[in-house]
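# Reading the structure
Here's the letter readout for the chains.
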Amino acid sequence: MKNKVIMIMPAYNASKTLEATVKAIPSGSVDEIVLVDDCSSDDTVAIAERLGLSVVKHEKNRGYGANQKTCYAEALRRGADVIVMVHPDYQYDPRVVPYMTGLIADGVCDVMLGNRIRTRREALSGGMPVYKYYANRVLTAAENFALGQNLGEFHSGLRAYARSVLKKINWMNNSDDFVFDQEFLIQAAFFGFKIGDVPVPTKYFKEASSISFKRSVEYGLSTLGALLKYILHKSGIIKSGLFVPPDGNAR
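Please read all numbers here as calculations on a predicted model, not as lab measurements.

## Some details on the overall build of the protein
- If you tally the helices and strands in the protein, you get nine helices and seven strands.
- Computed over the C-alpha atoms, the radius of gyration of the protein is 17 Å, within 12% of the 18 Å expected from 2.2 N^0.38 for a compact globule of 251 residues.
- A principal-axis box enclosing the C-alpha atoms of the protein has dimensions of 50 × 45 × 35 Å.
- Counting every position in the protein, which comprises 251 residues, the buried fraction comes to 52%.
- Taking the intrachain contacts of the protein between residues at least 6 apart in sequence as the baseline, contacts between residues at least 24 apart amount to 73%.
- Total accessible area computed for the protein in this model is approximately 11,500 Å², and 54% of it derives from carbon and sulfur atoms.
- Side chains of the protein carry 31 positive and 26 negative charges; the gap between the two charge centres is 4 Å.

Dropping the structure here:
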């Protein structure tokens, strides 16, 4: 039986890039696109509806992590077997989506990431800020070592998950902020899910979403904090609710 693939788009003021993103998605690669709008002040919702997307609207701005929570809850409610997240800012090339979802559908991986950093030259020439590149390398090395993984990067916004991952991880306990992504990956590693990545071309431009240097520092520190929670939980020193599945049976 064919897997149902649902693409989710956590959106905030994406009116300038949404249509280009949708048009770049390979035809037939997903069964449905669900956009969750985090109380945008532009025409994001109107454009999404014109493009035929399923739209869910937040009545107030709740944050990037909270947006994803609504995205995943809606995808599960609609019966998704594979969920792929694409940001509507046209930064990640969606042509790789069929490869990511295919590896999950075939049981090769449970979680797939788009890896923006094949080489330093390519990442920097594509417009990635120098400080973000080096912060990414340091954090990714720390996460690979602590979690026993071998991923090209841990900080990609292009991701795909098997339904079983979303059912096992208690992601509703995660942050409503940007560190939600890292908490989710750390949880996936904790529960032993198979995580893989594929190279993805990216571009940095004015309309693409990006957080400030200050917010980047906060994100980096929050990532290290989540990693510390994992280490303390695994060692039995301090238990964390991040690693208790929804059924309450802690490991």
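## Structural notes on the packing of aromatic side chains
- Taken as a whole and judged by the stated rule, the model has 13 aromatic pairs.
- Between tyrosine 64 and phenylalanine 178, the aromatic rings sit 5.3 Å apart at their centres with planes inclined by 25°, giving stacked as the arrangement. Residue tyrosine 64 is found in helix 3 (residues 64-77), and its partner phenylalanine 178 is found in the loop between helix 7 (163-168) and helix 8 (180-190); the two are separated by 114 residues along the sequence.
- Taking the centre distance of 5.8 Å and the plane angle of 70° together, the rings of tyrosine 72 and tryptophan 171 count as edge-to-face. Of this pair, tyrosine 72 sits in helix 3 while tryptophan 171 sits in the loop between helix 7 and helix 8, placing them 99 residues apart in sequence.
- You can call tryptophan 171 buried: its relative accessible area is 7%.

## Topic: the pattern of salt bridges
- Enumeration according to the criterion identifies 13 salt bridges in this entry.
- Residue arginine 78 pairs with glutamate 74 through a salt bridge whose shortest N-O separation is 2.8 Å.
- Judged by its relative accessible area of 25%, arginine 78 falls in the partly exposed class.
- When its relative accessible area of 12% is taken as the criterion, glutamate 74 is described as buried.
- The network of salt bridges with common partners includes Glu32, Glu74, Arg77 and Arg78.

## Some points on the sheet that holds strand 4 (residues 82-85)
- Read from one edge of the open sheet, seven strands run 3-2-1-4-6-5-7, paired in mixed fashion. Both edges of this open sheet fall to strand 3 (54-57) and strand 7 (195-199), since each of them pairs with a single strand only. Each adjacent strand pair in this sheet contributes to an overall mean axis angle of 20°, direction not counted.
- Of the pairings in the sheet, the one linking strand 2 (residues 32-37) to strand 3 comprises four bridges and is parallel in character. Following the sheet pairing, leucine 35 is matched in strand 3 by valine 55.
- In this fold helix 3 packs onto strand 1 (5-11), strand 2, strand 3, strand 4 and strand 6 (159-162), with an angle of close to 155° to the strand it touches most, strand 1.
- Taken strand by strand, helix 4 (residues 97-105) contacts strand 1, strand 4, strand 5 (111-115), strand 6 and strand 7, and its axis lies near 155° from that of strand 5.

## Details of the state of the cysteines
- Applying the stated rule across the entire model yields zero disulfides.
- Of all cysteine sulfurs in the structure, the one in cysteine 71 sits closest to cysteine 39, which takes part in no disulfide; the separation is 15 Å.

## A closer look at helix 6 (residues 130-147)
- Taking 1.5 Å of rise per residue, the 18 residues of helix 6 would be expected to cover 26 Å, and the 26 Å separating its terminal C-alpha atoms lies within 8% of that figure.
- Among the structural elements, helix 5 (120-125), helix 8 and helix 9 (213-235) are those in contact with the buried residues of helix 6.
- Of the residues one or two after helix 6, glycine 148 is the one with positive phi, at around 70°.

Calculation rules
- Residues numbered from 1 in each chain as written.
- Predicted model: local features only at pLDDT ≥ 70, side-chain atom pairs only at ≥ 80, totals over all residues.
- Heavy atoms only, no water.
- Helix = DSSP H or I, 4+ residues; strand = E, 2+ residues; numbered from the N terminus.
- Rg over C-alpha atoms; globule rule 2.2 N^0.38 Å.
- Buried < 20%, exposed > 50% of the residue type's maximum accessible area, 1.4 Å probe, protein only.
- Contact = heavy atoms within 4.5 Å.
- Areas by Shrake-Rupley, 256 points an atom, 1.4 Å probe, with all protein chains shown as cover.
- Lys, Arg positive; Asp, Glu negative; His and termini not counted.
- Charge placed at Lys NZ, Arg CZ, Asp CG, Glu CD.
- Phe/Tyr/Trp six-rings, centres within 6.5 Å; stacked < 30°, edge-to-face > 60°.
- Salt bridge = Lys/Arg side-chain N within 4 Å of Asp/Glu carboxyl O.
- Pairing = 2+ DSSP bridges.
- Axes fitted to C-alpha atoms, helices over the stretch in contact; angles between N-to-C directions.
- Disulfide = S-S within 2.5 Å.
- Expected span 1.5 Å × (residues − 1).

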